[in-house]
Amino acid sequence: MLVEPLTDGPSLSPSFADRAQGLRGWLSSSMANEEDDPVVQEIDVYLAKSLAEKLYLFQYPVRPASMTYDDIPHLSAKIKPKQQKVELEMAIDTLNPNYCRSKGEQIALNVDGACADETSTYSSKLMDKQTFCSSQTTSNTSRYAAALYRQGELHLTPLHGILQLRPSFSYLDKADAKHREREAANEGDSSQDEAEDDVKQITVRFSRPESEQARQRRVQSYEFLQKKHAEEPWVHLHYYGLRDSRSEHERQYLLCSGSSGVENTELVKSPSEYLMMLMPPSQEEEKDKPVAPSNVLSMAQLRTLPLADQIKILMKNVKVMPFANLMSLLGPSIDSVAVLRGIQKVAMLVQGNWVVKSDILYPKDSSSPHSGVPAEVLCRGRDFVMWKFTQSRWVVRKEVATVTKLCAEDVKDFLEHMAVVRINKGWEFILPYDGEFIKKHPDVVQRQHMLWTGIQAKLEKVYSLVKETMPKKPDAQSGPAGLVSGDQRIQVAKTKAQQNHALLERELQRRKEQLRAPAVPPGVRIKEEPVSEEGEEDDEQEAEEEEPMDTSPSGLHSKLANGLPPGRAAGTDSFNGHPPPGCASTPVARELRAFVEATFQRQFVLTLSELKRLFNLHLASLPPGHTLFSGISDRMLQDTVLAAGCKQILVPFPPQTAASPDEQKVFALWESGDMSDQDCCVSYGGMWYLKGTVQS
């Protein structure tokens with residue numbers, strides 16, 4: 001018998017005084033109706049606790065109440081007390097006319113196989129028993145009790161658990177396992193004569209250290225709970241039938257030993273205590289504050305720490321931060337000078353921003369979660385990535401992996417700390433260049449520059465790098481160590497252009513005079529190359545090694561001279577593709593100059609590589625036998641560009657540029673009338689560059 005407390009009654013108010021007042025009002029209204037509802041009988045209630053920790057209620061939801069298991073033999077019983085899990089084995093009446101013997105034998109054969117041993121589920125080779133497994137209906141049984149009414153007294157015993165038992169079909173799983181074992185054995189017999197498998201290479205990976213959040217998720221996972229449940233051992237029990245004398249003896253414990261016994265002391269209370277038991281105070285649900293992970297501090301907790309610890313914790317979590325953001329997080333009352341002293345202990349300056357030091361992220365005696373590499377090697381590799389970002393805003397991951405010899409996962413971790421990936425471009429530094437900090441704190445910039453110089457020397461020694469000279473700053477307000485801004489590049493280009501302007505003018509004048517010179521007598525072949533005043537030997541060597549552009553159609557015979565028949569080629573005194581002096585008015589020169597002038601009127605700025613590409617496209621559109629098929633060399637093309645009023649611009653490409661020599665030669669139409677910046681420049685990354693000088 002189950003007894004549940006009544007839920008109907010007066011509403012409960014927060015304070016005890018209000019509750020007592022409400023109870024008195026309810027009692028007074030109830031007393032007024034007592035005359036209509038007289039008391040028929042008074043029953044004493046006793047609380048028995050002898051079996052309070054051992055009493056379970058079994059329910060069989062798949063069995064009608066009229067068909068009990070009282071008279072069915074129980075073969076075994078076992079329990080896991082902590083989980084309140086019970087298993088019962090009950091016999092099956094195999095002599096019943098409703099029992100199919102052939103099916104029982106088949107099931108026993110599938111489960112145990114042909115050979116019977118001690119581990120067999122059905123030793124009689126017949127399914128003669130079934131197992132019942134329990135499940136909890138509720139985890140809170142404090143509202144339930146078993147009641148026994150005897151001689152005008154009601155004895156209550158609290159229930160320890162309420163379990164529902166259903167048939168278990170684990171024998172089917174065992175049958176499936178047996179079937180798989182037999183199939184595996186058959187496959188093993190058929191493959192005994194085959195050769196052993198070849199040795200296969202395996203990759204060893206080190207597991208990542210488990211964080212606190214990951215551990216909590218693992219502990220709460222279904223797999224972990226199942227494993228913990230399986231670890232609890234079974235406690236085997238003896239089953240006694242309903243009419244057994246031992247069962248009758250145990251049922252006596254459901255009766256309270258006496259009204260004056262010790263067990264009844266809980267029912268002897270003062271009126272106020274009894275009222276409190278009847279109407280316990282309502283427990284308002286306290287909203288628990290969200291508990292942060294063990295490695296996370298709130299800003300209020302953070303500001304209680306020393307300044308050095310605050311800076312270290314912030315930089316370790318954020319990894320890259322501008323100085324202005326750091327000051328805003330620390331609060332307005334913090335001295336910036338003290339912050340500057342503290343930040344230099346835990347971070348390095350990269351492009352005006354602060355990046356946490358490698359030894360802060362990878363302390364001594366730690367290792368990589370991906371490859372197991374010690375912290376010293378990881379710090380060295382990450383320092384190389386940071387140093388590369390002091391040289392440029394872009395870094396290629398493959399280049400870093402090749403130099404540092406670290407696995408791709410480690411290199412990716414380095415880059416994710418301080419950069420974002422751009423498709424088909426590489427990794428770009430995550431924050432913009434902070435020029436304001438550079439201008440405001442030149443002493444800090446200089447100190448960081450010295451530190452990076454020392455780190456660069458160590459990296460060059462460890463990784464056997466080709467020594468690269470870090471760009472020097474023209475003044476204290478320029479970019480950070482190792483970073484050349486766009487303004488600096490423009491200034492350097494202007495300076496070099498002014499230095500070489502006079503030289504280019506003299507060279508152009510000399511070439512014009514050569515073109516106006518009288519014709520050379522027949523039979524004399526002259527090879528003249530314009531030679532600059534600086535580097536005469538270099539130009540001579542370049543002229544010897546230079547070859548004309550391949551502008552001849554692929555289908556012509558190899559004996560054709562520069563794409564012309566032998567007769568016509570002989571009549572043209574072109575040596576290595578250059579026209580002889582005095583031939584500026586020849587059809588070839590006029591056609592070439594017309595092409596150059598038309599092209600620069602449209603493009604304004606072109607590299608030699610782009611100009612050659614456009615010239616080849618122009619040749620492809622011309623009919624066979626055109627005069628321009630006589631063969632045009634690179635030098636002849638450059639001379640024609642200079643003669644058409646264009647000038648060469650010396651663009652300061654960086655030492656590690658991937659641009660070819662032809663891509664580094666930039667020509668511009670010097671005087672073109674109304675021309676805007678957009679005609680000769682392109683905007684990229686917030687800065688302007690000459691067309692053709694930005695590598696894709």
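Located above this text is the structure these notes cover.
What you see is a predicted model, and the numbers here were worked out from it, not measured in a lab.

Conventions we followed
- Residues numbered from 1 in each chain as written.
- Predicted model: local features only at pLDDT ≥ 70, side-chain atom pairs only at ≥ 80, totals over all residues.
- Heavy atoms only, no water.
- Salt bridge = Lys/Arg side-chain N within 4 Å of Asp/Glu carboxyl O.
- Helix = DSSP H or I, 4+ residues; strand = E, 2+ residues; numbered from the N terminus.
- Buried < 20%, exposed > 50% of the residue type's maximum accessible area, 1.4 Å probe, protein only.
- Phe/Tyr/Trp six-rings, centres within 6.5 Å; stacked < 30°, edge-to-face > 60°.
- Lys NZ or Arg CZ within 6 Å of the ring centre and 35° of its normal.
- Pairing = 2+ DSSP bridges.
- Axes fitted to C-alpha atoms, helices over the stretch in contact; angles between N-to-C directions.
- Contact = heavy atoms within 4.5 Å.

**Section: the pattern of salt bridges**
In step 1: Under the defined criterion, the tally for this structure stands at 16 salt bridges.
In step 2: For Glu248, the salt bridge identified is with Arg251, shortest N-O distance 2.5 Å. Linking Glu248 with Arg251, this pair stays in helix H6 (residues 245–251), spanning three residues, or about one helical turn.
In step 3: Take Arg251: its relative accessible area is 31%, and that puts it in the partly exposed class.
In step 4: Lys612 serves as the salt-bridge partner of Asp634, at 3.3 Å between the closest nitrogen and oxygen. Of the two residues, Asp634 sits in helix H23 (residues 634–643) while Lys612 sits in helix H22 (residues 608–620), which places them 22 residues apart along the sequence. Side by side, Asp634 and Lys612 carry an identical accessibility label, which is buried.
In step 5: Residues joined in a network through salt bridges with shared partners are Arg393, Arg422 and Glu428.

**Some points on the packing of aromatic side chains**
In step 1: A full pass over the atoms with the stated rule returns 11 aromatic pairs.
In step 2: With a centroid separation of 5.9 Å and 80° between ring planes, the pair formed by Trp354 and Phe437 is classed as edge-to-face. On the criterion of sequence distance, the pair formed by Trp354 in strand E12 (residues 353–356) and Phe437 in helix H16 (residues 435–440) is long-range, its members being 83 residues apart. Phe437 carries the same exposure label as Trp354, and that label is buried.
In step 3: With 6.1 Å between their ring centres and 80° between their planes, Tyr362 and Phe414 make a pair best called edge-to-face. Residue Tyr362 is located in the loop between helix H12 (358–361) and helix H13 (375–391), and its partner Phe414 is located in helix H15 (residues 408–418); the two are separated by 52 residues in the primary sequence. As far as the burial class goes, Tyr362 and Phe414 line up, both buried.
In step 4: Through successive ring pairs, a cluster of aromatic residues spans Tyr60, Tyr69 and Phe132.
In step 5: Residue placement shows Arg63 over the ring face of Tyr69; its charged tip is 4.2 Å from the ring centre.
In step 6: Just above the ring of Tyr144 sits the side chain of Arg143; from NZ or CZ to the centre is 6.0 Å.

**Things to note about the sheet that holds strand E18 (residues 666–669)**
In step 1: Strand order in the open sheet formed by three strands is E16-E18-E17, and the pairing between neighbours is antiparallel. A single partner strand is all that each edge strand has here, and the edge strands are strand E16 (605–607) and strand E17 (646–649). When the angles between neighbouring strand axes are averaged without regard to direction, this sheet yields 30°.
In step 2: Judged from the three bridges that link them, E16 and E18 form a sheet pairing that is antiparallel. When the sheet's bridge partners are listed, Thr607 is paired in E18 with Val666.
In step 3: The strands touched by H22 within the sheet are E16 and E18, with E16 carrying the most contacts at an inclination of about 90°.

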